[in-house]
Amino acid sequence: MSAEAPHVKGGLGQSILRKEDARFIRGKGNYVDDIKLPGMLYLDITRSPYAHAKITAIRTEKALKVPGVLAVITGKDLAAANLAWMPTLMSDKQMVLPTDTVMYQAQEVAAVVADSRYAAADGAAAVEVDYEPLPVVTNPFKALEPGAPVIRTDRKEQSNHIWHWETGDKAGTEEAFRSAEVVVGQDLYIPRIHVSSMETCGCIAHMDSVSGRFTIYMTTQAPHAIRTVYALVTGLPEQNIRVVSPDIGGGFGGKVPVYPGYVLASVASIKTGHPVKWVEDRSENLQADSFARDYHIHAEVAARKDGTVTALKVKTLADHGYTDAAANPSKFPAGLFHIITGSYPFAKAFVEVDAAYTNKPPGGIAYRCSFRVTEAVYTIERMMDILAHRLKVDPAELRLKNFIPPDAFPYKSALGWTYDSGNYAGALKKAMEIIDYAGLRREQAEKRRRGELMGIGISSFTEIVGAGPSHTFDILGLKMFDSAEVRIHPTGKVIARFGTKSQGQGHETTYAQILAEELGIPADDIRVEEGDTDTAPYGLGTYASRSTPTAGAAASMAARKIREKAKKIAAHLLEVSPDDIEWKDYAFRVKGVPTKSKTMQDVAFAAYTNHPQGTEAGLEAVDYYDPPNMTYPFGSYICVVDIDKETGQVKVRRFVAVDDCGTIINPMIVDGQIHGGLTMGFAPALLEEIQYDENGNIHGGSFMEYLVPTAVETPHWETAKTVTPSPHHPIGAKGVGESATVGAPPAIANAVVDALQPYGVEHIDIPIHPWKVWQIIHAGAPKTG
Amino acid sequence: MAVSARPIAPAASLSTRSAPVVRIQVTVNGSPISAEVEPRTLLVHFLREVVGLTGTHIGCDTSHCGACTVHLDGKPVKSCTVLAVQANGRQVRTVEGLEVDGKLSAVQEAFVEAHGLQCGFCTPGMMMTATALLARNPNPTEPEVRDAIRGNLCRCTGYVNIVKAIQLAGKKMQANPTGPGGSP
Amino acid sequence: MIPPAFEYYAPHSVDEAVALLRRFNGEAKVLAGGHSLIPLMKLRLAEPAALIDINRIPNLSFIQEEGTHLRIGATTRTNDLLDSELLRRSYPILPDAAQEIADPLVRNLGTVGGNVCHGDPGNDLPACMLALGAELVTVGPKGSRTLPVSDFYKDTFVTALDPTELLVEVRVPKARARQGSAYQKIEKRVGDFAIAGAAANLLLDASGRVETAGIALTGVGPTAILASAASGALVGQSPDDQHLGHAATLAGTAADPNSDLRGPAEYKRAMASVLTRRALDRALARARGGG
């Protein structure tokens, strides 16, 4: 930004430092477990060692004898209050505590309330439960076989099949496949993974029996929705419910659902009249909280011999665990999976998804994407590489040949989405230039001659974020708008409150930057608050990269409402007609006489001290923004890997990420979001997975086995941008929190498969462990030079 | 619901009445703290709930994540896997002890300037590890920094800016060894 | 996650510690670094009646050469192995292994004694000690005894250490000229348990042939495994490609791995060979005076 160009301190496009950091670097963050209320009790949970079993007895006597233990809550106690089951967001139901049957290992069985954390743990260990094991099903294909043990015997349908969903032109797609010159198909499994935010989940519930006020401090990404859900489920009057989401130590979707622990702490507080704290430990977090993925996908692409893609066909089996508790904000059971046509103009496409119950924990959640987008992008980007391999063309060339061209936007996809804007070739060409794609291919050819294994992988993803337009997106009927309430004080300082909730994204900084730009007030003078339902305007929260597309837009719109009123006050101060005033270079100026001007601060003071007669005093506005469309961030990633032939170990040597998230609010924060997203894409590609054996025992239920990447294996990410603003967003921004998580896995998988081309391999399921690579190398000699 | 008749009198500390307690004295950020604790009291719980310093976080239970990192006699350790009694008579420094007389340490400044934090949960532990690293090696290479923080997991930043922050802090210390940011 | 209650003792002498171990007769656990024990207690997989904290016993933390041996005290911290000039110069296998253990924070508390006597086949120092031909010095109610580490590991978490005994010291034959040692390990992610690890220790004679050899493996069996056939095949031989390769193959044969999240058994067995070869190459280079 040149010194001469008019700008406001902390406005759009500036890498200002974060406002929230001051407390975090001093250890003065305020996370749920940091809060201590007078008289607070602690709740701990007894969990099932079995994945499927009948509970024949629960004996609480020993637990109640543990010094400090005050109460033990079981499913029968809850059933008496009609609280043993709770509704899920997907019209299914979930146990708070079981009355007779447990359906996954680590399921909650009883809750112990005590006057200290340690006594509660001792009490939970002392609850005695008798189980009668039942047959276990952990494989969704087996769950759907005739004669499989039915898990949800409470349902009318005595079957493990939950739902079938399909979209697209089935007949047209079949016809396109019949006439196709080339067809490639592949099975892809994307295993269960877990967000494992560094802070686990927890709450402090407090029912004040005198005032009837119920307050819950809670690790939630959506405090307002929680308040309404609590009101609807418990019958408590909504004005008496206050949900506070304090500092959140990472969410990534894992803090959208309502977990039984929250409900148990609430019940315990209502019963005891004391505040009750429940904070899960890491094992509980990994073993019982919502998972992500677990999609068994079969995909087929039809194309012409010249590589032009024509049709896409996808059949998927989704493993939902024992209940469909998906945190899915859309009307579609499989979320936004039908973004699966990706960056390519498929004329025909058909997608079908079936969901099954298994003896696993319920879910799912997005793991940093706007629900099932990562699965879609992984599939299409892997399929493009498989097609390139089959046609013996360079995968970059195949993509460049097929991309939806920039002049085709807004572009309506075969599966019904309207992409807002894009320049896909621009991003890929930029990435190829930065990484020297041609040079890498030459190096690879030389290395192959020497028998060394090096691979280059591309992912040119299209995301879909910003849920969402009210015609398609809701949670239990609550439309997916979001909000901003902006109030300018007499001295020109601002407080702004939002319906979203940052979990590390830096909203206190970036929202202030949007407002600074719109109001001409320095970002330092703008205070942003979120997360307290008593003070913030109603909104649906932060996930699905929706904060900038919805609440960010609401910030602009609220500021513009303020400008409308402020213009009248400025006219009054400048003694001209409002029609003679224009907002230009961050001030109200008399048209043609730009030196005659009033700043927003001048106007704010007047709004309280000298407002024109007939105008209301004060200067504030609220906006509830219902976005007209989703936004479609995109990018191209290129990954280079080297493989140790003896051990099968994969090393990511370079990774260049070119992202386009439209208008950039704070480049420093955007880069930080991309670094983190890339690491959460790298993780499932090479390390993270949760497995279950045939008895339903979890493998990956603690940080001993669930391998979150460390700084050592995480690549040194290289980032760059193109900027293609969203035409429908007030400032042209698209959202960026999740692009990299969505885009990275196929780039890495494609690179590994590319390295193993001499062995004729077309696909390896993620996570690509060293042994999988070793098995391919040692299965036989290279098939081609 | 089976609520016992026993009156509720929440414990002032973590201790459970039946267990024998041990009196310990620990110097925390320069101040001597004397308290009675159960032998099983973990140092992290002692710091958070007895001393009241909640900057030290708990991210796992198996000594993998490093959110609970503090200095014990100058060396970084994972306080979720140390008993408070083990710290008896010793010096503990927490994130709250990094800022001295209102002056942020070089590491604190650098984490803000290089955007080395997002949700802030791993940050205190990360900064304690960084502080110990820079005391030994004020000019670490990128691989040295990455190896030094391999016991501190971060889920938000992808580590790039944490590495930058730590190297920046080293430079600040060298440029101004006695200045405000001079001490690691 | 909270450990169950226990009694706590912090003795100031080995004798006092042994008296306590005797008093609890198997119901007490020794607390050294605590980084295996305390997580097990938090998971309530271990519920000892008492912990005997040996960290306040003076003179149990040292690394020194004395007479014919290198002596390492039981409460010597893992990072001390990494920082020791003596070890870097003459016993590089130990800093090699220390660098692979957990992470730098854990290594500030984790001890040599704990790593050696916990009996976890995934621990790195047992294989190193086997390759070096170390002895363990213990003190029990009946006094002190010295036993070769090759007799120590019985099964997973089962060792020759009596529950009333305390390991006080590890003794390694003093390094000689033309001796080299190295440790190699692969993991799915740093800090994870080994997919496989291999320790190699070579002494060359004046003519450059192998005079003595020690090869041992981590993470590929119920205990750390001494690959005697592999090392035996090298003795008296020229350490050339053929002989080193043969030894590595024999080491793979000695492995007895299970299939698990870290890979199928056949892969781990192959890795035992690959890593043995790499460790031998490194040890040989060091024996010849290189890095």
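Cut-offs and rules
- Residues numbered from 1 in each chain as written.
- Chains lettered and ligands numbered in written order.
- Predicted model: local features only at pLDDT ≥ 70, side-chain atom pairs only at ≥ 80, totals over all residues.
- Heavy atoms only, no water.
- Helix = DSSP H or I, 4+ residues; strand = E, 2+ residues; numbered from the N terminus.
- Contact = heavy atoms within 4.5 Å.
- Rg over C-alpha atoms; globule rule 2.2 N^0.38 Å.
- Buried < 20%, exposed > 50% of the residue type's maximum accessible area, 1.4 Å probe, protein only.
- Lys, Arg positive; Asp, Glu negative; His and termini not counted.
- Charge placed at Lys NZ, Arg CZ, Asp CG, Glu CD.
- Domains from an automatic or database assignment.
- Buried area = accessible area lost by both parts, 1.4 Å probe.
- Salt bridge = Lys/Arg side-chain N within 4 Å of Asp/Glu carboxyl O.
- Polar contact = N/O pair within 3.5 Å; in protein donor to acceptor, adjacent residues only side chain to side chain.
- Nonpolar A, V, L, I, M, F, W, Y, C, P; charged D, E, K, R; others polar.
- Pairing = 2+ DSSP bridges.
- Phe/Tyr/Trp six-rings, centres within 6.5 Å; stacked < 30°, edge-to-face > 60°.
- Lys NZ or Arg CZ within 6 Å of the ring centre and 35° of its normal.
- Axes fitted to C-alpha atoms, helices over the stretch in contact; angles between N-to-C directions.
- Parallel < 35°, antiparallel > 145°, perpendicular 65-115°, else oblique.
- Left-handed = near helix turned anticlockwise from the far one by under 90°.

Novice: Looking at this model, I keep getting lost on the overall build of chain B. Mind explaining?
Specialist: Across its full length, chain B holds five helices and six strands. Counted from the first residue to the last, chain B has its helices and strands arranged as β-β-β-α-β-β-β-α-α-α-α. Pairs at least 24 residues apart make up 56% of the contacts formed inside chain B by residues separated by at least 6 positions.

Novice: Got a minute to help me understand the overall build of chain A in this structure?
Specialist: A tally of regular secondary structure across chain A gives 19 helices and 35 strands. For a compact globule of 785 residues, the expected C-alpha radius of gyration is about 28 Å, and chain A comes in at 28 Å, within 12% of that figure. Seen through its C-alpha atoms, chain A measures out along the principal axes to roughly 85 × 75 × 50 Å. Put simply, chain A has 785 residues, and 67% of those count as buried. Contacts in chain A between residues at least 24 apart in sequence constitute 80% of all its contacts with a sequence separation of at least 6. Here chain A carries 79 positive and 93 negative side-chain charges, and the mean point of each set is 2 Å from the other.

Novice: Teacher, can you tell me more about the domain arrangement of chain B here?
Specialist: A common measure of how large an interface is: the accessible area buried when the components associate. All names here are of chain B. Domain boundaries assigned for chain B yield domain 1 (22–97) and domain 2 (106–175). Put simply, the middle of domain 1 and the middle of domain 2, counted by C-alpha atoms, are 21 Å apart. At the interface, 16 residues of domain 1 touch 13 residues of domain 2. Between domain 1 and domain 2, roughly 1,100 Å² of surface is buried when both sides are summed, and carbon and sulfur atoms account for 65% of that area.

Novice: Where do I start with the interface of chain B and chain A in this structure?
Specialist: The interface of chain B with chain A comprises 61 residues on the first partner and 73 residues on the second. Here chain B meets chain A over a buried area of about 5,600 Å², counting both sides, of which 58% is carbon and sulfur. Linking chain B with chain A are six salt bridges, by the criterion used here. For Arg117(A), the salt bridge is made with Glu49(B), and the minimal N-O distance between the two is 2.4 Å. Taken together, chain B and chain A are joined by 27 residue pairs in polar contact (both at pLDDT 80 or more). The set of elements that each furnish at least two residues to the side of chain B that touches chain A consists of β1 (2–3), α1 (43–50), α2 (106–113), α3 (123–136), α4 (142–148) and α5 (160–175) of chain B. Residue classes in the side of chain B that touches chain A are distributed as 28 nonpolar, 18 polar and 15 charged.

Novice: Can you help me understand the side chain of Gln105(A) in this one?
Specialist: Residue and element names in this part refer to chain A. With respect to the secondary-structure elements, Gln105 resides in the loop between β6 (101–102) and β7 (108–114). Among the residues examined, Gln105 registers a relative accessible area of 14% and is labelled buried. At 2.9 Å, the side chain of Gln105 forms a polar contact with the side chain of Asn697. There is a polar contact of 2.8 Å between the side chain of Gln105 and the backbone nitrogen of Ile698. Among all residues touching Gln105, those that are not within four sequence positions of it are Ser48, Pro49, Tyr50, Ala51, Gln287, Gly696, Asn697 and Ile698.

Novice: Explain the pairing of strand β12 (residues 194–204) of chain C here, please?
Specialist: When a strand is regular, its side chains alternate between the sheet's two faces. Residue and element names in this part refer to chain C. Summarising burial for β12: eleven of the eleven residues are buried, a large majority. Pairing between strand β11 (residues 179–187) and β12: nine bridges, direction antiparallel. Its bridge partner being in β12, Glu187 is matched across the sheet by Ala194. Remark: six residues form the turn of the hairpin made by β11 and β12, two consecutive strands paired antiparallel; Gly191 in that turn has positive phi of roughly 85 degrees. In this structure, β12 lies alongside strand β13 (residues 210–218), joined through eight bridges in antiparallel fashion.

Novice: Looking at this model, I keep getting lost on the side chain of His296(A). Mind explaining?
Specialist: All names here are of chain A. Relative to the elements of secondary structure, His296 occurs in strand β15 (residues 291–303). A relative accessible area of 17% places His296 in the buried class. Once residues lying within four places of it in the same chain are set aside, the contact partners of His296 are Pro140, Phe141, Leu188, Tyr189, Lys315, Thr316 and Leu317.

Novice: Just checking my understanding: could you explain the packing of aromatic side chains for this structure?
Specialist: Geometry of an aromatic ring pair is reported as the spacing of the ring centres plus the angle between the planes. Residues and elements named next belong to chain A. In this structure the tally under the stated criterion is 28 aromatic pairs over all chains. Ring geometry for Phe481 against Tyr624: centres 5.7 Å apart, planes inclined by 70 degrees, an arrangement best described as edge-to-face. Taken together, the residues span a long stretch of sequence, with Phe481 in the loop between β23 (478–479) and β24 (482–488) and Tyr624 in strand β30 (residues 620–625) at a distance of 143 residues. Through a chain of ring-to-ring contacts, the aromatic side chains of Tyr344, Phe403, Phe409, Tyr424 and Phe634 assemble into a single cluster. Here the basic side chain of Lys313 rests over the ring of Phe177, its NZ or CZ set 4.5 Å away from the ring centre.

Novice: Explain unusual backbone geometry to me, please; I cannot follow it from the model alone.
Specialist: Excluding glycine, most residues fall at negative phi; most peptide bonds, likewise, are trans. All names here are of chain A. Omega for the peptide link from Phe409 to Pro410 comes to -5 degrees, which places this bond in the cis form. Mapped onto the secondary structure, Pro410 falls in the loop between α11 (395–402) and β19 (411–412). Of note, Ser196 is a non-glycine position whose phi angle comes to about 35 degrees, a positive value. Of note, Ser196 is situated in the loop between β10 (182–193) and β11 (202–208). Since its relative accessible area comes to 0%, Ser196 is described here as buried. Positive phi, close to 65 degrees, is recorded for Arg368, a residue that is not glycine. Locating Arg368 in the fold gives a position in the loop between β18 (363–365) and α10 (373–391). Classification of Arg368 as buried rests on a relative accessible area of 5%.

Novice: Sorry, what's going on with the packing of helix α10 (residues 241–254) of chain C against helix α11 (residues 265–287) of chain C here?
Specialist: When two helices pack together, their arrangement is given by the angle between their axes and by how far apart the axes lie. All names here are of chain C. Running from N to C, α10 and α11 cross one another at 140 degrees; their axes reach a closest spacing of 7 Å. As the angle between them shows, α10 and α11 are arranged oblique. Crossing hand, α10 versus α11: right-handed. Contacts from Asp241, Leu244, Gly245, Ala247, Ala248, Thr249, Ala251, Gly252 and Thr253 of α10 reach α11 at Arg269, Ala272, Ser273, Thr276, Arg277, Leu280, Asp281 and Leu284. Residues of the contact of α10 with α11, tallied by class, amount to seven nonpolar, six polar and four charged.

Novice: Could you clarify how one ought to interpret the interface of chain C and chain B in this entry?
Specialist: Counting residues at the interface gives 36 residues for chain C, matched by 30 residues for chain B. Taking both partners together, chain C and chain B bury about 2,600 Å²; carbon and sulfur atoms supply 59% of that area. Joining chain C to chain B, the criterion identifies two salt bridges. Where Lys78(B) meets Asp103(C), a salt bridge forms, and the shortest distance between an N and an O atom there is 2.5 Å. Our enumeration of links across chain C and chain B arrives at twelve residue pairs in polar contact (both at pLDDT 80 or more). Secondary structure elements with two or more residues in the side of chain C that touches chain B: α2 (37–42), β3 (50–53), α3 (78–83), α5 (93–100) and α6 (104–107) of chain C. The leading source of residues in the side of chain C that touches chain B is α6(C), at four residues. Of the residues in the side of chain C that touches chain B, the class split is 19 nonpolar, seven polar and ten charged.

Novice: Can you help me understand the domain arrangement of chain A in this one?
Specialist: Residues and elements named next belong to chain A. Here chain A is described as being made up of domain 1 (21–28 + 482–625), domain 2 (32–134 + 200–248 + 255–288) and domain 3 (291–408 + 422–467 + 629–779). With both chains or domains summed, domain 1 and domain 2 bury close to 1,500 Å², and 48% of this area falls on carbon and sulfur atoms. Among the residues of domain 1 in contact with domain 2, Lys501, Thr533 and Tyr538 are the three that bury the most area, contributing 39% of the side total. Remark: the boundary between domain 1 and domain 2 carries four salt bridges. Two residues, Arg213 and Asp534, come together in a salt bridge whose shortest N-O distance is 2.9 Å. Linking domain 1 with domain 2 are 13 residue pairs in polar contact (both at pLDDT 80 or more).

Novice: What's the story with the pattern of salt bridges in this structure? I'm lost.
Specialist: For side chains bearing opposite charge, pairing can occur when the charged atoms are close. Taken as a whole and judged by the stated rule, the model has 86 salt bridges over all chains. Residue Arg152(A) is joined to Asp92(A) by a salt bridge in which the shortest nitrogen-to-oxygen separation is 3.0 Å. In this pair, Arg152(A) sits in the loop between α5 (140–143) and β9 (161–168) while Asp92(A) sits in the loop between β4 (85–87) and β5 (93–95), placing the two residues 60 residues apart along the sequence. Exposure remark for Arg152(A): the relative accessible area of 0% places this residue in the buried category. Of the charged contacts in the structure, one is a salt bridge between Glu38(B) and Arg40(B), with a shortest N-O distance of 2.9 Å. Assigned by exposure class, Glu38(B) and Arg40(B) land together as buried. Via salt bridges that share partners, Asp33(A), Asp34(A), Arg117(A), Lys277(A), Arg48(B) and Glu49(B) belong to a single interconnected network.

Novice: Whenever I open this one, the sheet that holds strand β3 (residues 31–37) of chain B confuses me. Can you help?
Specialist: Strand pairing within a sheet occurs via backbone hydrogen bonds; the two strands may be parallel or antiparallel. Residues and elements named next belong to chain B. Pairing within the open sheet is mixed, and its five strands lie in the order β3-β2-β6-β4-β5. Each end of this open sheet is capped by a strand with a single partner; those strands are β3 and β5 (75–78). On average, adjacent strands in this sheet sit at an angle of 40 degrees to one another, irrespective of strand direction. Two elements, strand β4 (residues 69–72) and strand β6 (residues 91–93), share two bridges in a ladder whose sense is antiparallel. Paired with Leu72 across the two strands is Val92, which belongs to β6. Contacts between α3 and the sheet are confined to β4, β5 and β6, with β4 contributing the most and set at about 40 degrees to the helix.

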